[in-house]
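Tertiary structure, described
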Amino acid sequence: MTVNRYSKIIRWILGAAALVIAALMIFILVAPRLINIEYIREALISAISQKVGGELKFQEIRLSILPRPHVAVIEGRLSVPDTYQVSLKSLTVSARLLPLFIGKFDIGAITVEHPDIIITVARKAPEVNDGRQPSVYDRAADDIMKPLAGIAAAVDKDLAVIIQKGRLELQGKEGFELVFSDMDGRLGVSPDRTRISLDTRTDFCKKIKLQADTDLETFNSRGRIDLTRIRPQHLPPNLFGDATPWIGESLINLTFDFKTEGFRAMDAQVQGSAPQLTVIREGNPSVLSAASFKARFHLDDRQIAVSLTECILEQPKLTLTGKFLSDRDAGQLEIELKAAAVEVPSTRRTALALAGESAALKVIFDIVRGGRAAMLNFSSRGNSFKDLVKLENMIFSGSLLEGSVTAPGINLNFEDVSAEIKVQNRILTAERIAARYENCAVFDGSLLMGLSEIGKPFHLDVGLTADLAQVPPILKQVVKDKRVLTEIDRIAVVSGRAEGRLILGETLSDIAATVKASDFTVTARAVPMPVALIIKGNELSYRAGGVSIKHLEGRLENSSFLLGPGRMDWRQTPFIEIQAGRADLVLNEIHTILSAFTPLKNTLKSIQSINGTLTLSRFQLSGPPDAPSKWEFKAEGTARNAEVKSEQLPAPLSVRRAEFEATPHALAVSQAEAAMMDAAMTASGRLTDYLGAIQTADLGFEGTVGANALQWLHQRVKIPPNVTIRPPLQFSKGRVVWQRDGSTA
């Protein structure tokens, strides 16, 4: 009995289920016939076309109950003149079932498969705008967004639109095209706002992700755009109205966090990286690389403002911050950049590659070739982007450290350069210059140099602690007087140090040199001197072919001298002047040196040898250095233990001691203790024109003259034959006066 009861229950349940299933099957088959599909078609076309201001067409509409009630639009097309054109393979609209029986279409969700969207973007000519009317940019965006607002208004509750494998094409009337493919996303639409999440890609960007929330009444938006692996070289070449390809092989990643106030203002936080950015200038590629960057962006009716808060560049090596402002009311552009931790070589290569024909930048980087900068500042103002890159509008300043610099005008390479550099009004200035040139140190320097093509001013003033072996090459670069260069070529510096200043100016086309040495010590050989000369001095000055000195000490192997003040001038007729001097000279050494000079060689050739010492207690000289016969001089001193062998003397002349005073015209000797052959005399006297043919001689003497000396004297002074002198002669307070005209007394 119990088993039969359970069996009946099961049969009733199965029967009821079969009836329900049968009813459902009948309902599924009959329901589409009971629902007015044509009404839904016309209502859908009318509502959407009216709301978006366009035309909606589709080939077929289908109603399905399973797996849930939905309407499928097959091969649809929506077009808004000059704005939108949408083609889609299928559009599935889920709807609530019961409202369909009474002709009401209550949408739940929309799924769009393979939509092909074409949006036409037209550039419009700029118009005068006083700020109270929407700009042309506002109206262009408004034309695009109105249809979306219309779709939202077509529904009275929240609507979800799912896009699968879509395609978006932006077409410009100027001919460019941007195509976004593999587009998947979700669009949440309500009567007052939209929320969108979209993933897509393009030929120039591997992955694009968009998330946005827009108020459809005010069009205020907020959202985020992620652009991964951008290849800007694949952008349409005429996208920005310029068909010239200026971007080479590049890779960029960008993220925008943005918010807008309608179409009038937008603020964005931008960050990203540029592993490779190739800029092509005049056919030459230049590669930049940014590890990361961050920026703030603001756009409204009045201005565009970009603030670069951080940019770490790997190529060139530097860290960059800055800002850009475009003020539409003032019609002015401004840019400011600050770079830190700058490596000059890579920056130089990049800047020169980007500069193209910028002669001024080439001049700057022809000077600055290496090093690093702790900080560099750049600013420029103008009415256009072309104005921003004009040199007269630029201000550039920075601190150079460990630099490599080629000095303008002298083509010398300085290392370890530090300086405060500024470029303004086409003038390059540098202050607090310090540097090294081989074994020379530069300190406390300044530079002024014009960067314009006309009359470039130039002034370089640097302190030097110099290895004097390096000075002749420097002087050869800046000295133009051939006579001075000839003298420089005669000098071979063995060693030496000097401290002073080098001043060059005043135009690049005509550089004159001024050298000032406060103290110096040098060991040098000067052709034709056979021995090295050691010199110490101070307050030496060279300018325009002239040298002056306050104090000069010199030493040969055995002789020494002290001169100063003195000067030498090559500007017109070479001229030398020594206002004061004194010396301790070894006569053999001095005779050897003087005999090596061609102008003195003939004068001294009759002296075969000379020994002893000569002390000059006073010495003055002036005249042309290559014409001793024209010298004006005055010398006072004492000779000791001198011995002279001369072709004009029959035997060596020895002078134990003698005091003398000499001018070009006369030689006066006092208390000369002299001996020659068998004569010994103590004499005082005066000779005139002694450097050439002696004109007069006035000799006071005492001593003894032997036969040999007497015979030579008899021949020399031409004593009359009828006068007989018997040796030896004894003189006491004797005096001889002789004149070239023949009289002797």
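Right, let's walk through the structure included here. On a predicted model such as this, the values are computed, not experimentally measured, just so you know.

Turning to its location among the elements, Thr278 is positioned in strand E12 (residues 265-281). Here Glu249 takes part through its backbone oxygen, which lies 2.6 Å from a polar atom of the side chain of Thr278. Reaching out from Thr278, the side chain makes a polar contact with the side chain of Gln276 at a distance of 3.5 Å. When near neighbours in sequence (up to four residues on either side) are disregarded, Thr278 contacts Trp246, Ile247, Gly248, Glu249, Ser250, Pro285, Ser286 and Val287.

The next subject is the pattern of salt bridges. Using the criterion set out here, one finds 27 salt bridges in the structure. For Arg231, the salt bridge identified is with Glu249, shortest N-O distance 3.1 Å. Of this pair, Arg231 sits in the loop between strand E10 (221-230) and strand E11 (251-261) while Glu249 sits in the loop between E10 and E11; the two residues are 18 residues apart in sequence, bridging distant segments of the chain. In this structure, the salt-bridge partner of Asp387 is Lys390, at a minimum N-O distance of 3.2 Å. Residue Lys390 is classed as partly exposed on the basis of its relative accessible area of 38%. The network of salt bridges with common partners includes Arg193, Arg195, Asp213 and Asp215.

What follows deals with the packing of aromatic side chains. Following the criterion strictly, the structure yields four aromatic pairs and no others. Geometrically, the ring pair formed by Phe324 and Phe385 is stacked, given 5.8 Å between the ring centres and 10 degrees between the ring planes. Residue Phe324 is located in strand E15 (residues 318-327), and its partner Phe385 is located in helix H7 (residues 385-388); the two are separated by 61 residues in the primary sequence. Since its relative accessible area comes to 18%, Phe324 is described here as buried. For Phe385, a relative accessible area of 59% gives the class exposed. When the centroid spacing of 5.5 Å and the interplanar angle of 50 degrees are considered together, the rings of Phe414 and Tyr437 count as tilted. In this pair, Phe414 sits in strand E19 (residues 412-424) while Tyr437 sits in strand E20 (residues 427-437), placing the two residues 23 residues apart along the sequence. On the accessibility criterion, Tyr437 (10% relative accessible area) is buried.

Moving on to the nonpolar core. If you look at the biggest cluster of nonpolar residues, it comprises 75 residues, and the most contacted ones within it are Phe414, Leu428, Leu447, Met449, Leu451, Phe520 and Leu616. Element by element, the count of residues in this core is highest for strand E24 (residues 510-526), at seven residues. Setting aside chain neighbours within four positions, we find Phe414 in contact with Gly403, Ser404, Val405, Ala407, Ala435, Arg436, Tyr437 and Val442.

Rules and cut-offs
Residues numbered from 1 in each chain as written. Predicted model: local features only at pLDDT ≥ 70, side-chain atom pairs only at ≥ 80, totals over all residues. Heavy atoms only, no water. Helix = DSSP H or I, 4+ residues; strand = E, 2+ residues; numbered from the N terminus. Polar contact = N/O pair within 3.5 Å; in protein donor to acceptor, adjacent residues only side chain to side chain. Contact = heavy atoms within 4.5 Å. Salt bridge = Lys/Arg side-chain N within 4 Å of Asp/Glu carboxyl O. Buried < 20%, exposed > 50% of the residue type's maximum accessible area, 1.4 Å probe, protein only. Phe/Tyr/Trp six-rings, centres within 6.5 Å; stacked < 30°, edge-to-face > 60°. Core = buried A, V, L, I, M, F, W, Y, C linked by side-chain atoms within 4.5 Å.

Just distances and angles here, no functional claims.
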